[in-house]
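Structural description and commentary
Each chain is listed here by its residues.
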Amino acid sequence: MDLRNRLWPGIPETKWSDPEWQLENRLKGQKGLAKFLEPFGETAGPFLDCLEQYKWAATPYYISLIKRHYSEDPVGRQVIPSPEELSVSSPHSREDPLQEKRYSPLPGLIHRYRDRALVLVSNFCASYCRHCNRKRTWKKPECVPRGQKAWEDIKAYIRTHPDIREVLVSGGDPLLLPAAKLEYILDLLKSIPNVKVLRIGSRLPVVLPMAVTDKLCRILRSRRPLWLNTHFNHPHEITPEAKDACDRLQLAGIPVSNQSVLLRGVNDEFAIMKKLCCRLQEIMVRPYYLFHCDFAKGTDHFRTEIKHGIDIIDKMWGDTGGMCIPRYVVDLPDGMGKARVMPPHLKGLREGTALFQSFQGKFVNIKTG
Ligand SMILES: *Cc1c(COP(=O)(O)O)cnc(C)c1O
Ligand code: SF4
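Residues numbered from 1 in each chain as written. Chains lettered and ligands numbered in written order. Predicted model: local features only at pLDDT ≥ 70, side-chain atom pairs only at ≥ 80, totals over all residues. Heavy atoms only, no water.

With respect to the helices and strands, the residue Phe363 is situated in strand β14 (residues 363-367). The class for Phe363 is exposed, based on a relative accessible area of 55%. Sequence separation of Phe363 and His345 is 18 residues, and the distance between their C-alpha atoms is 9.5 Å. Setting aside anything within four residues of it in sequence, one finds Phe363 in contact with Lys347, Leu355, Phe356 and Gln357. (Helix = DSSP H or I, 4+ residues; strand = E, 2+ residues; numbered from the N terminus. Buried < 20%, exposed > 50% of the residue type's maximum accessible area, 1.4 Å probe, protein only. Contact = heavy atoms within 4.5 Å.)

Moving on: the sheet that holds strand β13 (residues 353-357). Taken in spatial order, the three strands line up as β12-β13-β14 in an open sheet, and their pairing is antiparallel. With partners counted over all chains shown, the strands left at the sheet margins are β12 (346-350) and β14, one partner each. Between one strand and the next, the sheet's axes are offset by a mean angle of 15 degrees, whatever the strand orientation. Where β13 meets β14, five bridges bridge the pair, whose relative direction is antiparallel. When the sheet's bridge partners are listed, Ala354 is paired in β14 with Ile366. (Pairing = 2+ DSSP bridges. Axes fitted to C-alpha atoms, helices over the stretch in contact; angles between N-to-C directions.)

Quick look at the pairing of β13 now. Pairing analysis gives four bridges linking β12 to β13, with the strands arranged antiparallel. The residue of β13 that forms the bridge with Leu346 is Phe356. The antiparallel pairing of β12 with β13 creates a hairpin that spans two residues between the two strands, and Gly352 there sits at a positive phi of about 90 degrees. The antiparallel pairing of β13 with β14 creates a hairpin that spans five residues between the two strands, and Gly361 there sits at a positive phi of about 95 degrees.

Before going further, it helps to examine the site of ligand 2. Every residue lining ligand 2 is accounted for by Cys125, Tyr128, Cys129, Cys132, Trp138, Gly171, Gly172, Arg203 and His231. Counting atoms within 2 Å of the grid points, the majority share of ligand 2 lands in the largest pocket. Per-class residue counts for the shell around ligand 2 are five nonpolar, three polar and one charged. (Near = heavy atom within 4 Å. 1 Å grid on protein atoms, 1.4 Å probe; cavity = no way out; pocket = protein on both sides within 12 Å on 5 of 7 lines; lining within 4 Å. Sits in = over half its atoms within 2 Å of the grid points. Nonpolar A, V, L, I, M, F, W, Y, C, P; charged D, E, K, R; others polar.)

Throughout the structure, instances matching the rule amount to 19 salt bridges. We note a salt bridge from Asp115 to Arg165, for which the minimum N-O separation is 3.6 Å. You can see Asp115 sitting in the loop between β3 (109-113) and β4 (116-120) and its partner Arg165 sitting in the loop between α8 (147-159) and β5 (166-170), a full 50 residues away along the chain. Each of the salt bridges in this network shares a partner with another, and the network as a whole consists of Asp96, Glu100, Arg134 and Arg136. (Salt bridge = Lys/Arg side-chain N within 4 Å of Asp/Glu carboxyl O.)

Looking now at a nonpolar patch on the surface. A surface patch of nonpolar side chains, about 410 Å² in accessible area, is lined by Leu346, Leu349, Phe356, Val364 and Ile366. At the level of elements, β12 and β14 are the ones that each hand at least two residues to the nonpolar patch. Residue placement: Ile366 occurs in strand β14. (Patch = residues over 30% accessible without salt bridge, like charges linked within 9 Å, V, L, I, M, F, W, Y side chains within 5 Å. Areas by Shrake-Rupley, 256 points an atom, 1.4 Å probe, with all protein chains shown as cover.)

Moving on to the site of ligand 1. Lining the immediate surroundings of ligand 1 are Ile110, Arg112, Tyr113, Arg116, Leu118, Leu168, Arg199, Tyr288, Tyr289 and Lys338. For ligand 1, an oxygen atom lies 2.7 Å from a polar atom in the side chain of Arg116. Tyr288 places a polar side-chain atom, nitrogen or oxygen, 2.7 Å from an oxygen atom of ligand 1. Considered on its own, ligand 1 offers 390 Å² of accessible surface; in the complex 91% of this is hidden by protein. (Polar contact = N/O pair within 3.5 Å; in protein donor to acceptor, adjacent residues only side chain to side chain.)

Another point: helix α9 (residues 179-190). In this model α9 runs 16 Å from its N-terminal to its C-terminal C-alpha over 12 residues, within 8% of the 16 Å that 1.5 Å per residue would give. Listing the buried residues of α9 in full gives Leu182, Ile185, Leu186, Leu188 and Leu189. Along α9, the residues classed as buried sweep out an arc of 160 degrees about the axis, all on the same side. Packing partners of the buried residues in α9 comprise β4, α8, β5, β6 (197-201), α11 (214-221) and β7 (226-230). (Expected span 1.5 Å × (residues − 1). Arc of directions from axis to C-beta.)

Looking now at the domain arrangement of the protein. Its domain assignment divides the protein into domain 1 (3-85) and domain 2 (109-343). One C-alpha centre belongs to domain 1, the other to domain 2, and the line joining them spans 23 Å. Counting from both sides, the interface comprises 31 residues of domain 1 and, opposite them, 35 residues of domain 2. Carbon and sulfur atoms make up 58% of the surface buried where domain 1 meets domain 2, a total of about 2,700 Å² over both sides. Connecting domain 1 to domain 2 are two salt bridges. With a closest N to O distance of 3.0 Å, Lys135 and Glu85 form a salt bridge. Summed over the shared surface of domain 1 and domain 2, the result is 20 residue pairs in polar contact (both at pLDDT 80 or more). Elements supplying a minimum of two residues to the side of domain 1 that touches domain 2: α3 (19-24), α5 (48-53), β2 (57-58), α6 (60-63) and α7 (74-79). The residue makeup of the side of domain 1 that touches domain 2, split by class, is 17 nonpolar, six polar and eight charged. (Domains from an automatic or database assignment. Buried area = accessible area lost by both parts, 1.4 Å probe.)

If you want it as structure tokens, here you go:
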């Protein structure tokens, strides 16, 4: 289904590729959803409770990537609300699955790991992903630092914790902040002597690639060393526009890596995951993590078995290059942190010997003594 022409007929390319036009014309709330559902001959009725609980908005660009009925489409499933968001089936599901609140010494600052801290700079996103593990914050502006005093407090905290050498700037989407505010935040963090490197988490290259402008790239470029992690989940998201956005970042000296989430009905098949990761390597975006879907309330319908994720990664090993294989991780319930779930090739280890199984299944014993 050609949703661009059904929903936005006659919009010229100049407008379509203008980030301001995209943001102003986002579909959102009940009215926007009703407009989206029209071509499918459906109404927003079944979604009203869900919209009450969780925000909804999506850019025309991202919506135009939906090709089939939204409930069976890899992009549609990520961005169109589902009544399933209101049912809780996992005993581990929590509003705040990583217990970010417990590790938050100040609003918007999360310090779980010794040498890195995370700042949540906004709760505004171009499109709201239904599988987001921070969907609890969408309607809560108090989760982010407000005003200069709050930022000075964050600076003081990081300065008095000299072990912190890396700061992750995430949200919400930091790259949607007004340019002056983004510069203020990056410079404030960079001015802390123990902060050696910055990392931005942004889904802009995926949901609004035209907003990755040369001006934005210049802002980032002058704040290197700065890494950018984005969030592609399906090969359909790797469009010419997305590739160009990643190119602009790379050419500005910003390495782009990817964090995917393993999502039922989106990318929980070997062939899809392999294609996604290979396509990412082709646009020079390094697959960094594949997250098991966090135990966030409202995302249970996306979660697969962990065994299933292991099988996918296991099959990729030997089938494609290491540059295309992300590390599969589970963020453990109750804020216990990230855990690796890579299937081991090491099958036995004793003093002086190690037993491996090769990618073809052959057992190999090595004398290590
Ligand atoms: C995931 C996470 C990080 C970053 O961890 P890496 O393994 O370095 O990617 C940092 N802080 C918090 C609170 C996190 O959840
Ligand atoms: S872009 Fe990130 S923070 Fe925003 S809704 Fe999607 S997953 Fe959540």
